[in-house]
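Structural overview
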Amino acid sequence: AQKVTQAQTEISVVEKEDVTLDCVYETRDTTYYLFWYKQPPSGELVFLIRRNSFDEQNEISGRYSWNFQKSTSSFNFTITASQVVDSAVYFCALSGLNNNDMRFGAGTRLTVKP
Amino acid sequence: DSGVTQTPKHLITATGQRVTLRCSPRSGDLSVYWYQQSLDQGLQFLIQYYNGEERAKGNILERFSAQQFPDLHSELNLSSLELGDSALYFCASSAGTGYTDTQYFGPGTRLTVL
């Protein structure tokens, strides 16, 4: 079975702080993909990143960075120098070879205060 | 803007009624997925269509049905509506059929059942 756990329900930071959103996953698949999506207050789901299970290289995109560690089954997301516009719910998701659907975590609500 | 469109944006109806939600995928995408987002269940995969054929089924109730038309747009039909069906319904699309694909989400349809 596939499962994604985002243990942090809510995080509140002050602008310019760095913040890390945790994601831990479970899967029996050897080939799988991990995703992060952002859901701002307007409600749409915005794709941020996709990472396959064979690529453990960390990725940086502007103020966003992702740390994939297979050994701990984690795919954590860090926002550097957070901004008010980063306030949103962030979802981690997993899809695997032997499953029909993409499994989402429960989401982490990030509030960035000015 | 993901390129996925959904109509209507909001829908208010009464228990026992039937509604149809519509989705147009991104240009060139052949797969359409439907998800339900509610406070208690989170983001749940309902069903996937690929090029007109049902590809995968998730936690979709028997009262719900979907189809994908030759022009690739999809409709989700919800019947005998109950209060618990109130939720945000997302459509997503991807180029291919499977777990390696990135799914791009539409803005959602917020359904309120009174």
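Heads up: the structure comes first, above all this text.
Below, the structure is looked at part by part. Everything quoted here is computed from the prediction, not taken from an experiment.

A short note on unusual backbone geometry
- Cis geometry marks the peptide bond from threonine 7 of chain B to proline 8 of chain B; its omega dihedral reads -10 degrees.
- Although it is not a glycine, alanine 81 of chain A sits at a positive phi angle of roughly 50 degrees.
- With a phi close to 45 degrees, serine 80 of chain B is a non-glycine residue in the positive phi region.
- Within the fold, serine 80 of chain B resides in the loop between strand 8 (74–78) and strand 9 (87–94).

Side note on the interface of chain A and chain B
- Tallying the contact residues gives 19 residues for chain A and 17 residues for chain B.
- Between chain A and chain B we count 0 salt bridges in total.
- On the surface where chain A and chain B come into contact, there are 3 residue pairs in polar contact (both at pLDDT 80 or more).
- Among the elements of the structure, strand 5 (32–39), strand 6 (46–52) and strand 10 (88–96) of chain A are those that each provide at least two residues to the side of chain A that touches chain B.
- Broken down by element, the residue count for the side of chain A that touches chain B peaks at 5 residues, all from strand 5 of chain A.
- Residues belonging to the side of chain A that touches chain B are distributed by class as follows: 10 nonpolar, 6 polar and 3 charged.

Thoughts on the pairing of strand 9 of chain B
Residues and elements named next belong to chain B.
- Extensive coverage of strand 9 is indicated by the burial of 8 of its 8 residues.
- Neither face of strand 9 is left uncovered, since the one carrying Ala87, Tyr89, Cys91 and Ser93 and the one carrying Leu88, Phe90, Ala92 and Ser94 both have all their residues buried.
- Across 3 bridges, the pairing between strand 9 and strand 11 (residues 109–113) is antiparallel. When the bridges of strand 11 are listed, leucine 88 appears paired with arginine 110.
- Sheet analysis places strand 9 next to strand 10 (residues 104–105), joined by 2 bridges and oriented antiparallel. When the bridges of strand 10 are listed, serine 93 appears paired with tyrosine 104.

Thresholds applied
Residues numbered from 1 in each chain as written. Chains lettered and ligands numbered in written order. Predicted model: local features only at pLDDT ≥ 70, side-chain atom pairs only at ≥ 80, totals over all residues. Heavy atoms only, no water. Helix = DSSP H or I, 4+ residues; strand = E, 2+ residues; numbered from the N terminus. Contact = heavy atoms within 4.5 Å. Salt bridge = Lys/Arg side-chain N within 4 Å of Asp/Glu carboxyl O. Polar contact = N/O pair within 3.5 Å; in protein donor to acceptor, adjacent residues only side chain to side chain. Nonpolar A, V, L, I, M, F, W, Y, C, P; charged D, E, K, R; others polar. Buried < 20%, exposed > 50% of the residue type's maximum accessible area, 1.4 Å probe, protein only. Pairing = 2+ DSSP bridges.

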